[in-house]
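Descriptive analysis of the structure
Chain by chain, the residues run as shown.
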There are 2 protein chains.
Amino acid sequence: MGLGLGFVMSKIGNLSTSDHTSVVSMNLFVALLCACIVIGHLLEENRWMNESITALAIGLGTGVIILLTTGGKSSHLLVFSEDLFFIYLLPPIIFNAGFQVKKKQFFRNFMTIMLFGAVGTLISFGIISFGAIHFFDKMDVGSLDIGDYLAIGAIFSATDSVCTLQVLNQDETPLLYSLVFGEGVVNDATSVVLFNAIQSFDLSHINSAIALQFVGNFLYLFIASTLLGVLAGLLSAYIIKKLYFGRHSTDREVALMILMAYFSYMLSELFYLSAILTVFFCGIVMSHYTWHNVTESSRVTTKHAFATLSFIAEIFIFLYVGMDALDIEKWRVVSSSPGESVGISSILLGLILLGRAAFVFPLSFLSNLTKKFPYEKIGIKQQVTIWWAGLMRGAVSMALAYNKFTRAGHTQLRGNAIMITSTISVVLFSTVVFGLMTKPLVRFLLPSPKGLPRMVSSEPSSPKSLSVPLLGNGQESETDLNNGQSVPRPTSLRMLFSTPSRTVHHYWRKFDDAFMRPVFGGRGFVPFVPGSPTEQSARGW
Amino acid sequence: MGLGLGFVMSKIGNLSTSDHTSVVSMNLFVALLCACIVIGHLLEENRWMNESITALAIGLGTGVIILLTTGGKSSHLLVFSEDLFFIYLLPPIIFNAGFQVKKKQFFRNFMTIMLFGAVGTLISFGIISFGAIHFFDKMDVGSLDIGDYLAIGAIFSATDSVCTLQVLNQDETPLLYSLVFGEGVVNDATSVVLFNAIQSFDLSHINSAIALQFVGNFLYLFIASTLLGVLAGLLSAYIIKKLYFGRHSTDREVALMILMAYFSYMLSELFYLSAILTVFFCGIVMSHYTWHNVTESSRVTTKHAFATLSFIAEIFIFLYVGMDALDIEKWRVVSSSPGESVGISSILLGLILLGRAAFVFPLSFLSNLTKKFPYEKIGIKQQVTIWWAGLMRGAVSMALAYNKFTRAGHTQLRGNAIMITSTISVVLFSTVVFGLMTKPLVRFLLPSPKGLPRMVSSEPSSPKSLSVPLLGNGQESETDLNNGQSVPRPTSLRMLFSTPSRTVHHYWRKFDDAFMRPVFGGRGFVPFVPGSPTEQSARGW
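This structure is a prediction, so every number in the text was calculated from the model and none was measured. (Residues numbered from 1 in each chain as written. Chains lettered and ligands numbered in written order. Predicted model: local features only at pLDDT ≥ 70, side-chain atom pairs only at ≥ 80, totals over all residues. Heavy atoms only, no water.)

Time to look at the overall build of chain A. The number of helices and strands found in chain A is 19 helices and zero strands. Looking at the 541 residues of chain A, the share that counts as buried comes to 62%. For chain A, the accessible area works out to roughly 20400 Å², and carbon and sulfur atoms hold 68% of it. (Helix = DSSP H or I, 4+ residues; strand = E, 2+ residues; numbered from the N terminus. Buried < 20%, exposed > 50% of the residue type's maximum accessible area, 1.4 Å probe, protein only. Areas by Shrake-Rupley, 256 points an atom, 1.4 Å probe, with all protein chains shown as cover.)

Inspection of the secondary structure puts Thr250(A) in helix 10 (residues 250-270). If we ignore the near neighbours within four places in the chain, the residues touching Thr250(A) are Thr295(A), Ser297(A), Ser298(A) and His304(B). (Contact = heavy atoms within 4.5 Å.)

Residues and elements named next belong to chain A. Counting through the fold element by element, Phe106 comes out in helix 4 (residues 103-108). Between the C-alpha atoms of Phe106 and Glu183, which are 77 residues apart in sequence, the distance is 10.0 Å. In contact with Phe106, not counting residues within four places along its chain, are Val101, Ile113, Ser178, Gly182, Phe280 and Ile284.

If you walk through the whole model with that rule in mind, you get 34 aromatic pairs over all chains. The positively charged end of Arg299(A) is found above the aromatic ring belonging to Trp291(A), 5.5 Å away from the centroid. (Phe/Tyr/Trp six-rings, centres within 6.5 Å; stacked < 30°, edge-to-face > 60°. Lys NZ or Arg CZ within 6 Å of the ring centre and 35° of its normal.)

This paragraph deals with the packing of helix 10 (residues 250-270) of chain B against helix 11 (residues 275-293) of chain B. Residue and element names in this part refer to chain B. Contact geometry for helix 10 and helix 11: axes closest at 9 Å, N-to-C directions at 155°. The angle between helix 10 and helix 11 places the two elements in the roughly antiparallel class. Like other packed secondary-structure pairs, helix 10 and helix 11 cross with a definite hand, here right-handed. In this structure, helix 10 contributes Glu253, Met257, Met260, Ala261, Ser264, Tyr265, Ser268 and Glu269 to the contact, and helix 11 contributes Ala275, Ile276, Thr278, Val279, Cys282, Met286, Thr290, Trp291 and Asn293. In terms of residue class, the contact of helix 10 with helix 11 is built from ten nonpolar, five polar and two charged. (Axes fitted to C-alpha atoms, helices over the stretch in contact; angles between N-to-C directions. Parallel < 35°, antiparallel > 145°, perpendicular 65-115°, else oblique. Left-handed = near helix turned anticlockwise from the far one by under 90°. Nonpolar A, V, L, I, M, F, W, Y, C, P; charged D, E, K, R; others polar.)

Quick look at a nonpolar patch on the surface now. Together, Val215(A), Leu219(A), Ile223(A) and Leu227(A) make up a nonpolar patch on the protein surface, roughly 380 Å² of accessible area in all. Overall, the relative accessible area of 45% leaves Val215(A) in the partly exposed class. (Patch = residues over 30% accessible without salt bridge, like charges linked within 9 Å, V, L, I, M, F, W, Y side chains within 5 Å. Salt bridge = Lys/Arg side-chain N within 4 Å of Asp/Glu carboxyl O.)

Here we come to the nonpolar core. One finds Phe85(A), Ile152(A), Phe280(A), Phe85(B), Phe136(B), Ile152(B) and Phe280(B) to be the most contacted residues of the largest nonpolar core, which totals 286 residues. If near-sequence neighbours (up to four positions away) are discounted, Ile152(B) is found in contact with Ile128(B), Ala132(B), Phe136(B), Leu144(B), Leu348(B), Phe405(B) and Met419(B). (Core = buried A, V, L, I, M, F, W, Y, C linked by side-chain atoms within 4.5 Å.)

Residue and element names in this part refer to chain A. In total, this model carries eight salt bridges over all chains according to the counting rule given. For Lys404, the salt bridge goes to Asp148, with nearest N and O atoms at 3.4 Å. In this pair, Lys404 sits in helix 16 (residues 395-405) while Asp148 sits in helix 6 (residues 146-155), placing the two residues 256 residues apart along the sequence. Classification of Lys404 as partly exposed rests on a relative accessible area of 22%.

Below, the discussion takes up helix 11 (residues 275-293) of chain A. All names here are of chain A. End to end, helix 11 covers 25 Å across 19 residues, agreeing with the expected 27 Å (1.5 Å per residue, within 8%). Along helix 11, the largest kink reaches about 45° and is centred on Met286. The buried fraction of helix 11 amounts to 19 of the 19 residues, a majority that puts the element mostly inside the structure. (Expected span 1.5 Å × (residues − 1). Bend = angle between axes of the 7 residues up to and from the residue.)

Taken as a whole and judged by the stated rule, the model has zero disulfides over all chains. Cys282(A) takes part in no disulfide bond, and the closest cysteine sulfur, belonging to Cys34(B), lies 11 Å away. Judged by relative accessible area, Cys282(A) falls into the buried class, the value being 0%. Between Cys36(B), a free cysteine, and Cys34(B), which holds the nearest cysteine sulfur, the sulfur-to-sulfur gap is 9.3 Å. Residue Cys36(B) is classed as buried on the basis of its relative accessible area, which comes to 1%. (Disulfide = S-S within 2.5 Å.)

For the rest of this paragraph, the subject is the side chain of Asn27(A). As for its position among the elements, Asn27(A) is in helix 1 (residues 20-42). Aside from chain neighbours lying at most four places away, what touches Asn27(A) is Phe263(B), Met266(B), Leu267(B) and Leu270(B).

On to the packing of helix 3 (residues 82-100) of chain A against helix 16 of chain A. All names here are of chain A. Contact geometry for helix 3 and helix 16: axes closest at 9 Å, N-to-C directions at 135°. Relative to helix 16, the element helix 3 lies oblique. Between helix 3 and helix 16 the crossing geometry is left-handed. Contacts between helix 3 and helix 16 involve Glu82, Phe85 and Phe86 from the first element and Ala395, Val396, Ala399, Leu400, Tyr402 and Asn403 from the second. When its residues are assigned to classes, the contact of helix 3 with helix 16 shows seven nonpolar, one polar and one charged.

It is worth spelling out unusual backbone geometry at this point. Positive phi, close to 60°, is recorded for Tyr272(A), a residue that is not glycine. Mapped onto the elements of the fold, Tyr272(A) is located in the loop between helix 10 and helix 11.

Moving on: the side chain of Asp188(A). Within the secondary structure layout, Asp188(A) lies in helix 8 (residues 174-200). Excluding its chain neighbours within four sequence positions, the residues that come into contact with Asp188(A) are Ile94(A), Thr159(A), Ile276(A) and Val396(A).

Here the focus is the confidence of the model for chain A. Predicted coordinates in areas of low pLDDT are best not read in detail. All names here are of chain A. On average, residues of chain A score 75 in pLDDT, and 75% of them are at 70 or above. By mean pLDDT, the top-scoring element of chain A is helix 10 (90), and the lowest-scoring one is helix 19 (residues 533-538) (37). Contacts for the low-pLDDT stretch residues 449-490, under 50 throughout, to residues beyond four places or in other chains number 73 contacts. Here the prediction assigns the complex a pTM of 0.79, and the interface score ipTM is 0.78. (pLDDT = per-residue confidence, 0-100.)

Let us look at the environment of Phe316(A). All names here are of chain A. Turning to its location among the elements, Phe316 is positioned in helix 12 (residues 296-324). Judged by its relative accessible area of 6%, Phe316 falls in the buried class. On a C-alpha basis, the gap between Phe316 and Gly59 in space is 9.5 Å, while along the polypeptide they are 257 residues apart.

Here it is in structure tokens:
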């Protein structure tokens, strides 16, 4: 930040009056953020709205006002910056996702989540790329080569499930929530990794060697990024456990956690890995080990501070996208052929719908084959919800599109301008229209949370159980689960899929108890630090 | 941020490999921040070191390493950015100062603090400016006009009491702590306001009208900034009290508090006021009203999150200053006359010592005249501590000097380069040498905290007293205070000074109880929200 990062910050404020407009912009933006929070809060009970749509609407409204007051000249006032997005806004969101995820649910459904997030995204990517090649070639879109088409596939495979997650309830539908949530994160990472792989490979002449290299690269990125995140999380746990920062100040613990998390993100960027995956797994490890090594005040603080940062970043993004959507420069280029622009956006929306359906239903079927109990299976209504949950396109798509089709936020080429405006249209349409329909749809499909079978949430998720390991809740033997329920005998196919996974859980748990938690700390393995929040908060006041 | 602020962020990371060095810099910086926290923690017990000096030393060491590895070319790797400082780093520090200040102590000593912070800084400013004119005119410093000399006075009046505050203990020496702390904040604001006033006025021909206008401007800035901060704080209290955000999420409350505080800062910048003062008073009002309107989790979170942000920003600044001190470009300009540079730095250090002594001792004497009880008076040992506490010069001086004597961090003019290098020398010398001597000096002057008279801290500062108002702890009548102590009758001079202040306290308290707290909330005026941290933190895990 500021240290040779090459960005020249504007002379602002108190000391230099040269750039008063920038102070005005910042004031406007902070005021709008406050307005989004207040209005979003007031609309909480409304069955159609949610915070994302509120922010998007406020952003659009402000964009219109700015456009009108400046007489249509303000095209440069709000330029979407993918760096701002990838360096400052995305890390807190993804880290918080990992930090707050219900690990038990996440790891129980790990295989399904990976299936949806990685394989599903690849299927979706393939269909959208293929569809784009098929349809756009016949239209006058400007010169797009094979790399551009594949990039389009990656751009529009990146889902944005924020809207859906605001509607689903982690306690009422834990299976669904963890699937949608986990898939969202893995999907983000997959599409960014895909996008980068496409950018860095020469795709004009594909042969099997290059394809193999591509797959190898993809797997390397996936595994290396995950490992880096896990290592960073373990390092933070070890340092905090050994040095016992709480003795002197709880602020140091919190600062170290924030900095280590950010460090893992930047380190991943440094090694050209997928920083999203890294910071996500860093969050998971931190919440499993590090979080238990800090004082009670630090626990409360980190939990809410990370959630708040993520919350602000999300609103910021939607406000930003809403305001940027009206950037007049790009629309001017395509205004000569509005029909074509609408056509391309519609085709893309159709491909998104199709591409997602093409993997959600088959993969759900596949996943259900591995499950023994009916309540573990993904029902048809849940499949529709999962399908719907991933139809929205958001800031990741925007950022990737800007990276591919513009140079520093500007474009003059007709083909590129069309792709940018189409992306904006798709993002706005899917977020607003699909987003508005999410709440009613979820209420229709999953009518009363009380009436639903509680699915996998039947285990006690009470805070009293002080030694629940990272994976599963002790399914070493089947008898553990059979408390009163009639259990169908597993078929051979089921055995094939489920046995290895269960064995891994079992050994992991043993390993966690015997080695990991004694070294890195964790629930039940660190002495309780009596500095209770109320006690601590009273000091110094 | 990014929205027409005119700064072009570097293409960074994952998506664009063009600027890999910036990722390296960021990694290095985050890693150094972590190192500072860990090493600072390990050196906690050491009687000489503190976190500021650790960060400064690490910064200097890294600067040397960078300089050596790049072969002396890295002058542009680390450019001090006053915008980064004033827009991102200073607000959390000052806001946290207001938020965590012991309000009772602060307002009890309000007059003394204002005397030291405002009048004292003006005296110091006058002496340093006058001394600079007197000495530098005879030396070959390049062309400096009257405005430059006055700016030098303002630059070197800005104290940096972070070191001292790390040594003093708020519970053991509350009077001293609140004086040093309060003076530090008011001093920062005063010197920035002074600096801005000097920048905006044509000082080549001063007459009484301009001088009067200058004083009027100064007072206007002071009062308007304070009012804006108070209003922003009250607005946040009112919104949160009325809307009851805790019902839905504690994160929204925290987000709104952070955003409103930052909004007050930016709004103050917008109106060309003193943003430091604004955000300081916003912090005070927020901790008196808003903080009591939020859930228990939000209280713990805000308290520690603000402290953590402030902590990181402080370390960041010292690291930054340490690394920037070795910027080779500036030193090259002055390397032809090293003796002169040393001479100027020495003169400035002497003027700082003198300028501070010239107000601490007389003003302490004046302040003591208004006090009735011996334990309320500032003893000679405490006066020496206060004098010493304000000798360090820090990031505010650096930022002001860069603003005055460089253009976007670079300078070629000889006179300007000399002033920049002198500022760096003074900051480094005063922070390291004076800073290292602070801990031993404080231990020598105030030997055992237990042996000391507990001064004003004898009242119960327990968290159980649930309705202590903003000013005083109920000194309506003198009998309230006379619990067992022999009270000397006030002399007429004492009466003259102390009676109005006490009356103001009395009426303020009545007003606070009757109107302010019922409207804006506050201790004892909002129902306790039962969402206890432990209960809340268990959910979602």
